[in-house]
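Examining the three-dimensional arrangement
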Amino acid sequence: MLIQVNTIQTEICSAVQKRIRSGEYKVGEKLSENLLATEFNCSRMPVREALKHLEQDGLVVIQPKSGTYVREYSQEEISNALEIRAYLEALAFTLVLEKNADVSAMEEQIHKMAFYIEDENFDLASFGECHLKFHETMIVLAGNPFLLELYNRLHLNALQKIFFNPMTKEDMIFTHEEHKKILQFIQDKDPAGEQFIKMHLWKRRTSLV
């Protein structure tokens, strides 16, 4: 039974996360435990546990005696996170070069991004997932647990504007090309990529805030 509950909890987490990132659930919107329990044919317990997990990830906020709401981040919070992110990822790039890490997992995300660009359904949410995963993978490949911990504390996966803000097809193509360049810097073992990443992320900061 425990395995079944955990499976339902994971399904709820995944569904709510996708709805927030796609914009189906709006910033500040209250989520109904009863409706989710009915939808997933379960008690409210796995719903509550799923929402607690999403709160830890920074996607929702649980207010006692009020309910659970899609979390809203201020422009200042977004700006602060992006400033730190630029330097953490630049450090990760350098560590990946030093460790001669296998970047095939990053390359896989590049291929997936290309697939979603060419997809007629224009699946921006899935493209955003690949975009996010590309950066997260580089952090993991850096092999520094403290760096990973700091990066996770930024809650970048919850900052809608960074990875899941509406994009045109041209925006997606530009983003894809920028990430191909980052991967090429790594494959060429070119340290100039560290500065490129800083500039890449700094441009994102100024365009989003």
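For the structure given in this document, a descriptive report is provided here.

Thresholds applied
- Residues numbered from 1 in each chain as written.
- Predicted model: local features only at pLDDT ≥ 70, side-chain atom pairs only at ≥ 80, totals over all residues.
- Heavy atoms only, no water.
- Axes fitted to C-alpha atoms, helices over the stretch in contact; angles between N-to-C directions.
- Helix = DSSP H or I, 4+ residues; strand = E, 2+ residues; numbered from the N terminus.
- Parallel < 35°, antiparallel > 145°, perpendicular 65-115°, else oblique.
- Left-handed = near helix turned anticlockwise from the far one by under 90°.
- Contact = heavy atoms within 4.5 Å.
- Nonpolar A, V, L, I, M, F, W, Y, C, P; charged D, E, K, R; others polar.
- Pairing = 2+ DSSP bridges.
- Disulfide = S-S within 2.5 Å.
- Buried < 20%, exposed > 50% of the residue type's maximum accessible area, 1.4 Å probe, protein only.

Re the packing of helix α5 (residues 104–118) against helix α9 (residues 169–187)
Packing of α5 against α9 brings their axes to within 10 Å, and their N-to-C directions diverge by 160 degrees. In terms of their interaxial angle, α5 and α9 are classed as roughly antiparallel. As for how α5 packs across α9, the hand of that crossing is left-handed. Contact with α5, carried on its side by M106, E107, I110, M113, A114, Y116 and I117, involves K169, M172, I173, T175, H176, H179, K180, L183, I186 and Q187 of α9 and no other residues of that element. Classifying every residue of the contact of α5 with α9 gives 10 nonpolar, 4 polar and 3 charged.

Here we look at the sheet that holds strand β3 (residues 67–70)
For sheets, the rule is that strands pair by backbone hydrogen bonds, running either parallel or antiparallel. Ordered by their spatial adjacency, 3 strands build an open sheet running β1-β3-β2, and the pairing between neighbours is antiparallel. A single partner strand is all that each edge strand has here, and the edge strands are β1 (30–31) and β2 (60–63). Two strands pair when backbone bridges link them, and β1 and β3 are joined in this way by 2 bridges, in the antiparallel orientation. Residue pairing in the sheet places L31 in a bridge with T68 of β3.

Points about the state of the cysteines
Under the defined criterion, the tally for this structure stands at 0 disulfides. Among the cysteines around C13, which has no disulfide bond, C42 carries the closest sulfur, lying 11 Å off. Note on C13: relative accessible area 10%, which makes it buried.

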